[in-house]
Amino acid sequence: MARTVLRGRRRSNAPALPDNRAHHVRDTTFDEDRSQVRTGHAPRVMASLRNIAIGLIRTADTTANIAAATRTLGRRVDKLLHLLDHGQITSVTGASTMN
């Protein structure tokens, strides 16, 4: 099984990757490296869905353990629906100056 491991000092002047945190969670919690989805657009769609799940959990509780939150939300559908329905998403149209 191939895993991405970042060790030591970066050798380039490029900034740190912003999605490394999400990539690590997708690898460890969702075990993305062993996914059987490999054809068409499905891998990108599944990665996007995993990123949305991680973002929703982090938006609701910044100190959340993603693995524990996923297990809880899998058992408690009412909490999942509440998170999806009442996420802390700001309205773009309310703050828009182009109206």
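Trainee: Report on the overall build of the protein chain, specifying residues and quantitative values.
Mentor: Within the protein chain, the regular secondary structure consists of five helices and zero strands. Secondary structure elements of the protein chain, listed N to C terminal, follow the sequence α-α-α-α-α. Relative to its full complement of 99 residues, the protein chain shows a buried share of 14%. Taking as baseline every contact in the protein chain between residues at least 6 positions apart, the subset at least 24 positions apart corresponds to 47%. For the protein chain, the accessible area works out to roughly 8,400 Å², and carbon and sulfur atoms hold 55% of it.

Trainee: Got a sec to walk through the packing of helix α2 (residues 42-60) against helix α3 (residues 66-75)? Specific residues and values, please.
Mentor: Put simply, α2 and α3 touch, their axes get as near as 10 Å, and they point 100° apart. One way to sum up the angle between α2 and α3 is to call them roughly perpendicular. Contacts between α2 and α3 involve Ile 54, Ile 57 and Arg 58 from the first element and Ile 66, Ala 69, Thr 70 and Leu 73 from the second. Considered class by class, the residues forming the contact of α2 with α3 number five nonpolar, one polar and one charged.

Trainee: How would you summarise a nonpolar patch on the surface if you had to cite specific residues and measurements?
Mentor: Together, Val 37, Val 45, Met 46, Leu 49 and Ile 52 make up an exposed nonpolar region whose accessible area comes to about 400 Å². Within the secondary structure, Ile 52 is located in helix α2.

Trainee: Break down α2 for me, citing the residues and quoting the values.
Mentor: For α2, which comprises 19 residues, the first-to-last C-alpha distance of 27 Å matches the rise-based estimate of 27 Å (1.5 Å per residue) to within 8%. Listed in full, the buried residues belonging to α2 are Ala 47, Arg 50, Ile 54 and Ile 57. For α2, the buried positions fall inside an angular range of 90° around the axis, keeping them on one side. Away from its buried face by more than 90 degrees, α2 exposes Arg 44 and Ile 52.

Trainee: Lay out the packing of helix α1 (residues 20-28) against α2 in plain terms, naming residues and giving numbers.
Mentor: Axis separation between α1 and α2 bottoms out at 10 Å; the angle between their running directions is 105°. Between α1 and α2, the angle falls in the class roughly perpendicular. Here Arg 21, Ala 22, Val 25 and Arg 26 of α1 come into contact with α2, specifically with Ala 47, Arg 50, Asn 51, Ile 54 and Arg 58. Looking at the contact of α1 with α2 residue by residue, the classes come out as four nonpolar, one polar and four charged.

Trainee: Quick one: what's the story with α3, residue by residue and with numbers?
Mentor: The set of residues buried in α3 consists of Ile 66, Ala 69 and Leu 73. When α3 is viewed along its axis, its buried side chains cluster within an angular range of 60° and face the same direction. When the buried face of α3 is taken as reference, the exposed residues oriented beyond 90 degrees from it are Gly 74 and Arg 75. Considering only its buried residues, α3 is in contact with α1, α2 and α4 (77-85). Its side-chain oxygen at 3.0 Å from the backbone nitrogen of Ala 67, Asn 65 defines the N-terminal cap of α3.

What counts and how
Residues numbered from 1 in each chain as written. Predicted model: local features only at pLDDT ≥ 70, side-chain atom pairs only at ≥ 80, totals over all residues. Heavy atoms only, no water. Helix = DSSP H or I, 4+ residues; strand = E, 2+ residues; numbered from the N terminus. Buried < 20%, exposed > 50% of the residue type's maximum accessible area, 1.4 Å probe, protein only. Contact = heavy atoms within 4.5 Å. Areas by Shrake-Rupley, 256 points an atom, 1.4 Å probe, with all protein chains shown as cover. Axes fitted to C-alpha atoms, helices over the stretch in contact; angles between N-to-C directions. Parallel < 35°, antiparallel > 145°, perpendicular 65-115°, else oblique. Nonpolar A, V, L, I, M, F, W, Y, C, P; charged D, E, K, R; others polar. Patch = residues over 30% accessible without salt bridge, like charges linked within 9 Å, V, L, I, M, F, W, Y side chains within 5 Å. Salt bridge = Lys/Arg side-chain N within 4 Å of Asp/Glu carboxyl O. Expected span 1.5 Å × (residues − 1). Arc of directions from axis to C-beta. Polar contact = N/O pair within 3.5 Å; in protein donor to acceptor, adjacent residues only side chain to side chain.

Function cannot be read off these values alone, since they describe shape.
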